[in-house]
Amino acid sequence: MEQPKLVFTQISEFLEFLGPDFATLIANDPDLRGLDHAPSFPFCCSRHYAERVRNASKPKALLREILPTKAEYEDVPGFVDDPVGDLPAGKNECVIQKYDQRALVMTTATCGVRCRFCFRRNYPFQNIPDVDVQVRNWLDTHSDIWEIILSGGDPLTLSPSKFESLIEAIGDHSSVTTLRIHTRLPVMRPDLVQQHMDLLKELPARFDCVLVSHVDHPDELDEESQIIFGQLKFAGWTLLNQSVLLKGVNEDADTMTKLCRKLFQQGVLPYYIHQLDHAKGVAHFEISDDQAKALVAEIRTKLPGYLVPRLVREIAGEKSKTPV
C-alpha cells in the first residue's frame, strides 16, 4: 500500500489534496489568485499543515502564509536580501553571534514548510554535514557563551543521530547552561518532533531548556501540538511563542487574542509579536507600526498582562530586539 505523501513540493499536488472548493476560494480571492506556480523561493508544505488548512475556520489566512504569489516579485525600497544582518554576524559556516555571550547555530537549511514571509528566504543556505564539529571547535575558544540558540531552517528536521551529535558537542562545554530551540514543527511536522522526544525529555537535566515555537494563527494549533507541548512542559522545558504580524493573516485583535489564549491552553506563553522583517519579496505582508501598536493596545484590553506578547522588530546591527 502506498504511503501518504508527507510533504507537497508541487502546488498542483497541494491543491488537488485540498479539493475543488479551495481551488474556487483561491481563484476568487484577490490576494491569492495571482498564484506563482514556479516561484524563485520554492513552494513546500507539509501534509499536516494542509490538513490544518482544510479544517481551518479561516483557511485564507493559513493559505496566505504558504502559497507563493506574483506579489513576491514587487521591488520595494528597503526590502533586502539580509534584513536582520545575519551575514555580517557570521563567525563560521554555521555560527552567528549578534548578542553578548549568546550564539545562534544555523543547524540546517531544511524546514517543515516554506513560509512566504520568511526573513531568511534569500539567505545563502547550505546543509553543513559537520555542523557538530564546527560548533564544538568554535565553543572550544569561546568559553564566555552561556546560551546556544538552535535555528535554521528548523533544527528539529535534523535526523536523530545528527541532532544528538550536535547536542553532545554543545553539552561538552560547561559554560553553556541554556539551550534554546526555535521551531515551527509542532504545527508543521509534529511527527519529526516526536522522533526526538526521548532526547528532548532528557535535556532539562543538563541545560535550562527553552523552546520558542512559531505560531501565527489559532487554526494552526491542534491536538498534536497540544501533545507535544504537554510532553515538553512536563519534562521541564520553558515554552514560549513568537508570531509575526502579517497582513491578511493575523492583523486583527480577535485573531491574536484567540491565538494567545489557545497557546496558553496548550502550555505556551506568548513572547513576541514581530513586526515584519524587510526581506525582499515579503512587502505585501507589511502592517504599519501605528496599526501594530493599536492592535497590541486592543489585545491588552482583552487579556491579562502575562498573555500580552511584546511588540518588537529586529534591526540589523542592534544588540537586542527593538521595542516598537
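Just so it is clear, the structure is predicted and the values come from calculations on it, not from any experiment.

What counts as what
- Residues numbered from 1 in each chain as written.
- Predicted model: local features only at pLDDT ≥ 70, side-chain atom pairs only at ≥ 80, totals over all residues.
- Heavy atoms only, no water.
- Salt bridge = Lys/Arg side-chain N within 4 Å of Asp/Glu carboxyl O.
- Helix = DSSP H or I, 4+ residues; strand = E, 2+ residues; numbered from the N terminus.
- Buried < 20%, exposed > 50% of the residue type's maximum accessible area, 1.4 Å probe, protein only.
- Expected span 1.5 Å × (residues − 1).
- Arc of directions from axis to C-beta.
- Contact = heavy atoms within 4.5 Å.
- Phe/Tyr/Trp six-rings, centres within 6.5 Å; stacked < 30°, edge-to-face > 60°.
- Lys NZ or Arg CZ within 6 Å of the ring centre and 35° of its normal.

A. Representation of the pattern of salt bridges in the model. Inspection of every chain in the model, using the stated rule, returns 21 salt bridges. Here D81 and K280 are joined by a salt bridge, their closest N and O atoms 3.9 Å apart. With a gap of 199 residues between them, D81 in the loop between α4 (59-66) and β3 (95-96) and K280 in the loop between β9 (269-274) and α12 (289-302) connect regions that are remote in the sequence. You can call D81 partly exposed: its relative accessible area is 41%. A relative accessible area of 38% places K280 in the partly exposed class. Among the ionic pairs, R206 bridges to E168, the shortest N-O distance being 3.0 Å. Remark: E168 occurs in helix α6 (residues 160-171) and R206 occurs in the loop between α9 (197-202) and β7 (208-214); sequence separation between them is 38 residues.

B. Representation of α12. Between its terminal C-alpha atoms α12 stretches 20 Å, which fits the 20 Å expected from 14 residues at 1.5 Å a residue. The complete set of buried residues in α12 reads A292, L295, V296 and I299. With its buried residues spanning 95 degrees around the axis, α12 presents them on a single face. Opposite the buried face of α12, at more than 90 degrees from it, the exposed residues are D290, R300 and T301. Residues of α12 that are buried sit in contact with α11 (253-265), β9 and β10 (310-313).

C. Spatial organisation of α4. Burial analysis of α4 places 7 of its 8 residues in the buried class, the great majority of the element. All of the buried residues along α4 are P59, A61, L62, L63, R64, E65 and I66. In this structure, the buried side of α4 is in contact with α1 (11-18), α2 (20-28), β2 (45-46) and α3 (47-55).

D. Summary view of the side chain of T69. With respect to the helices and strands, the residue T69 is situated in the loop between α4 and β3. Under the relative-accessibility criterion, T69 is labelled buried at 6%. Excluding anything up to four places from it in sequence, T69 contacts D31, L32, G34, L35, D36 and H284.

E. How the structure looks around the packing of aromatic side chains. Scanning all chains against the criterion turns up 6 aromatic pairs. Ring centres of F8 and F17 lie 5.3 Å apart, and the angle between their planes is 45 degrees; this geometry places the pair in the tilted category. A relative accessible area of 13% places F17 in the buried class. Look at Y271 and Y272: their rings are 4.0 Å apart centre to centre, the planes differ by 25 degrees, and that puts the pair in the stacked class. Judged by its relative accessible area of 12%, Y272 falls in the buried class. Lying over the aromatic face of F17, R54 brings its terminal NZ or CZ to 4.0 Å of the ring centre.

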